[in-house]
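Residue strings, one per chain:
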Amino acid sequence: MVKRLLLLGAGGHARSCIEAIESAGLAIRGLIDSADRVGHKVLGYAILGTDDDLPRLLAPGDGGLVTVGQIQSPQARIRLYHRLVGLGAFLPVVIAGSATVSRHATVGAGTVVMHGATVNAAAMVGSNVIVNSHSLIEHDATVGDHCHISTGVIVNGGVRIGEGSFIGSGAIIGQGVIVGARCVIGAGHTVLKDCADDMNLTKNS
């Protein structure tokens, strides 16, 4: 059983994660960030150390969560996720109190589903994913590991989103569309055609 969570990252996204974690009834031990911020507090929780301190700070049974945000590149979140996995930390699924996740959906380790978000029946969401506030992942959609589904995004039924992709706020992905790995979809864009890996969309398509 998880005792408390160490949060890796202490910026704005971490504050949203803290709210979601608290609403889910989970306990927080503290945060990890840069050396110059050790001793500071974020929403009342202390920054306890840096990445180098993780082996010392992770006690048996403790969990960890990546709370660094993701705008374009997922590399920082991927690195921290594998660091936690390598240290044997438990990575919980965090579902905010006002989020809705179907019992028929699958959500991977280390994923956070923020307030007001919905993950519908038969959807599959990978590990270390941000499902941000008021986003919708509809039935039979698949979201790969290390993605960020931003605020207010609509992922329609049967969509497939590849690993490490970023979907900007308010974007709409049309039913059955395939978005490749490591894509960047800008805020407010509507995507009605398949996207190859590494595509960066700046216009509606």
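Up top is the structure.
Predicted model, so just to flag it, every value in this text is computed and none were measured.

**Student:** When you look at the environment of histidine 134 in this model, what are you seeing that I'm missing?
**Tutor:** Checked against the element boundaries, histidine 134 lands in the loop between strand 12 (130–131) and strand 13 (136–137). On the basis of relative accessibility, which here comes to 60%, the residue histidine 134 falls in the exposed class. The spacing of histidine 134 and histidine 189 is 55 residues in sequence and 17 Å in space, taken between C-alpha atoms. Among all residues touching histidine 134, those that are not within four sequence positions of it are His115, Gly116, Ala117, Gly152 and Val153.

**Student:** Looking at this structure, how should I read helix 3 (residues 75–86)?
**Tutor:** An α-helical segment advances 3.6 residues per turn. Residues three or four places apart therefore align on the same side. In this model helix 3 runs 16 Å from its N-terminal to its C-terminal C-alpha over 12 residues, within 8% of the 16 Å that 1.5 Å per residue would give. Among the residues making up helix 3, those that are buried are Arg77, Ile78, Leu80, Tyr81 and Leu84. Where helix 3 is buried, its residues meet strand 1 (5–8), helix 1 (12–23), strand 5 (63–66) and strand 12. Once helix 3 finishes, glycine 88 follows within two positions and takes phi at roughly 80°, a positive value.

**Student:** Before we go on, may I ask you to explain helix 1 in this structure?
**Tutor:** Look at helix 1: 17 Å from first C-alpha to last across 12 residues, which is about the 16 Å you get at 1.5 Å a residue. The complete set of buried residues in helix 1 reads His13, Ala14, Cys17, Ile18, Ala20 and Ile21. Just downstream of helix 1, glycine 25 is the residue with a positive phi angle, here 80°.

**Student:** Where do I start with the nonpolar core in this structure?
**Tutor:** Soluble globular proteins tend to bury their nonpolar side chains together. Ile137 and Ile161 are the most contacted members of the largest nonpolar core, which has 46 residues in total. Listed by contribution, the elements that provide at least two residues to this core are strand 1, helix 1, strand 2 (28–32) and strand 9 (112–113). For this core, the element with the most residues is helix 1, which contributes five residues. Beyond its immediate stretch of four places on either side in the chain, isoleucine 137 contacts Thr118, Val119, Asn120, Ala123, Val125, Val131, Val143, Ile149 and Val155. Grouped together as the second largest cluster of nonpolar side chains are 12 residues, Leu54, Leu57, Tyr81 and Ala89 included.

**Student:** Help me understand the sheet that holds strand 4 (residues 45–49), please; the structure alone is not making it clear to me.
**Tutor:** In any sheet, the strands associate via hydrogen bonds between backbone groups, in a parallel or an antiparallel arrangement. Read from one edge of the open sheet, five strands run 3-4-2-1-5, paired in mixed fashion. Taken across any chain shown, the strands that pair with only one partner, and hence form the sheet edges, are strand 3 (41–42) and strand 5. Pairing of strand 2 with strand 4 involves two bridges; the strand directions are parallel. By the bridge assignment, leucine 31 is partnered in strand 4 with isoleucine 47.

What counts, and where the lines are drawn
Residues numbered from 1 in each chain as written. Predicted model: local features only at pLDDT ≥ 70, side-chain atom pairs only at ≥ 80, totals over all residues. Heavy atoms only, no water. Helix = DSSP H or I, 4+ residues; strand = E, 2+ residues; numbered from the N terminus. Buried < 20%, exposed > 50% of the residue type's maximum accessible area, 1.4 Å probe, protein only. Contact = heavy atoms within 4.5 Å. Expected span 1.5 Å × (residues − 1). Core = buried A, V, L, I, M, F, W, Y, C linked by side-chain atoms within 4.5 Å. Pairing = 2+ DSSP bridges.

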